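Observations on chain architecture
So you can see what is in the structure, the chains are spelled out below.
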Amino acid sequence: MFSHIRTIWLTFLHLFKKKVTIEYPEEKVKLHPRWRGRIVLTKDPDGGERCVGCYLCAAACPVDCIALQATEDENGRRYPEFFRINFSRCIFCGFCEEACPTYAIQLIPDFEMGEYKRQNLVFEKEDLLINSQGKYPGYNFYQVAGIQAGVKGKGEGDNEEPPVDVHSLLP
Amino acid sequence: MTVTQHVLIVVGVLFVMLNIAAGLIWVERRMLALWQDRLGPNRAGPLGIFIVVADTLKLFFKEDWIPPFADKKVFVLAPAIVVGSALLSFVIIPFAPGIVVADLNVGLLFFLAMSSIGVYSIVLGGWASNNKYSLLGALRGASQMIAYEVFMGLSLMGVVMLTGSFKLSDIVAAQQDMWFIIKQPVAAIIFFIAGIAETHRLPFDIPEAESELIAGFHAEYSGMKFGMFFVGEYIGITLISSMMTTMFFGGWLGPAFLPPWAWFFIKTFAFILFFILLRASLPRPRYDQLMETGWKILLPLVLVNLLVTGAVALWTRG
Ligand code: SF4
Ligand code: SF4
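In this numbering scheme, every chain counts its residues from 1 along its sequence in written order. Going through the entries in the order they are written, you letter the chains from A and number the ligands from 1. At least 70 in pLDDT is required for a residue's local features to be given in this predicted model, at least 80 for side-chain atom pairs to be given and counted, and no such filter applies to totals for whole chains, interfaces and linings, which use all residues. Excluded from the side-chain calculations are hydrogens and water; all other atoms, namely the structure's heavy atoms, are used.

Taking an unreviewed UniProt entry as the reference, chain B is identified by name as NADH-quinone oxidoreductase subunit H belonging to Paraflavisolibacter caeni. UniProt positions are given in the numbering used here, feature names are shortened, and annotations may be inferred rather than shown by experiment. Quoted straight from UniProt, the Catalytic activity (unreviewed entry) entry for chain B says "a quinone + NADH + 5 H(+)(in) = a quinol + NAD(+) + 4 H(+)(out)". According to UniProt, the comment filed for chain B under the heading Subunit (unreviewed entry) is "NDH-1 is composed of 14 different subunits. Subunits NuoA, H, J, K, L, M, N constitute the membrane sector of the complex."

Going by an unreviewed UniProt entry, chain A carries the name NADH-quinone oxidoreductase subunit I and comes from Paraflavisolibacter caeni. Listed under Sequence similarities (unreviewed entry) in UniProt, the entry text for chain A is "Belongs to the complex I 23 kDa subunit family." Reading the Catalytic activity (unreviewed entry) entry of the UniProt record for chain A gives the comment "a quinone + NADH + 5 H(+)(in) = a quinol + NAD(+) + 4 H(+)(out)".

Shown next, in the form of structure tokens:
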């Protein structure tokens, strides 16, 4: 009986406690830098697209909401011809970011993407591509990759030796 | 009192009561939230008061569905009974000197009778729904009411003994010198407990018990029929609160700087808030625990109280 009265009293005291509610539109929620929200495609330090159109993100996506078509430019550099993410299906799991070998696709701390029309939630490459390096500044895939795609010559990259002339090894 | 005055009072009481019942939706949600360290609905209108309008509109536009397996006539009738009986009880409540719809000389009995009729809505609603859980809820409701009705009536008899009248205005007038809460504290507490059980509010919401019985007797109800149960519950709370005020806390009496009706409403409102506080703090007892406390503790207690009151009343009269 006493414990009941004590419970009632303690509950009453909560009237004067600080409230935990965050009044959202006026007061923003604190999002951490690696919060998984809207997806962007980043660029490398030279301003080129990072995505190489390898389809790994599309394959990793558990809800199959990424669609893209890879193509090559005149230098042999691969890039996506179109890149489409259907955010009405995306579950913001971040698997695509983990699968990506070039740090191209990244999830950023932004969740305010409400739309009245469902179709507006389908983001094309123009909507996804941002002029920034995102979470991994300084990284340039073609700078360290072994192929030549107009960024550097073969064997001229960091930590890379010039190609060996296999014929010179002949006895 | 002229006829026009009388009609005005009737309409006024009806208007005020229905508005209080609707407003309690907001009060309850806000207060519950505050007691749980939240803010509650505060967007629509000043302090979120228009949530009442939104909720009501929502209830009106919900599909009003009668299950094909239900007993249609009874199903429709049940929600009306709870609102009707609760509103009828307000007939005898004196809000201020002269402001009372009918100051019956059997006022208290009328109140008890009306609250007993209220239980029919639970029983009929649960029965007509033709659903196991509803029926269980109705059964529980009926046995809870029978148990608690007994000492609800008995707890008020102490006051009647001291006043010598069933008329509520006489009872209030008898508290001119001292409120009955001082002379009858046990009765007041027991009446309040019985009142909570009577309105089947948390923690005694055994007939609906969401976690065990889905929603108990109103599981099959939707739309405005459910709304009637909802409003009936709030009118019930207001009724028990105003009965507490009238019987034990001096009704409209109070220092003269506020008009009598204001005192009445302040006191009533305090009890309504206490109802909500109870909901925020106490867990629901098990069904057998409830019955056990009712029959084995509260009933003997109220009988002893009655005995002592009677003895003292006889002794002081010489
Ligand atoms: S976050 Fe998950 S669901 Fe969304 S696009 Fe990436 S892999 Fe697919
Ligand atoms: S975003 Fe990354 S994983 Fe997806 S296709 Fe482009 S490079 Fe491959």
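**Comments concerning the site of ligand 2**
A single heavy atom is enough: if one lies within 4 Å of a molecule or strand, its residue is considered near that molecule or strand. Around ligand 2 there are 13 residues in total, and A:C51, A:V52, A:C54, A:C57 and A:C100 lie nearest to it. Residues belonging to the shell around ligand 2 are distributed by class as follows: 11 nonpolar, 2 polar and no charged. Amino acid classes used here: Ala, Val, Leu, Ile, Met, Phe, Trp, Tyr, Cys and Pro are nonpolar; Asp, Glu, Lys and Arg are charged; the rest, including Gly, are polar.

**Regarding the pairing of strand β3 (residues 78–86) of chain A**
All names here are of chain A. As defined by bridge partners, strand β2 (residues 66–72) adjoins β3 across 7 bridges and the pair is classed as antiparallel. Bridging from a neighbouring strand, A67 pairs with R84 of β3. Here a strand pair is declared whenever DSSP counts at least two bridges between the two strands. Strands here are runs of E lasting at least two residues and helices are runs of H or I lasting at least four, both read from the DSSP assignment and numbered beginning at the N terminus. Between β2 and β3, which pair antiparallel one after the other, the connecting turn spans 5 residues, and G76 there sits at a positive phi close to 85 degrees. Strand direction decides the pairing type here: β3 and strand β5 (residues 122–123), joined by 2 bridges, are antiparallel.

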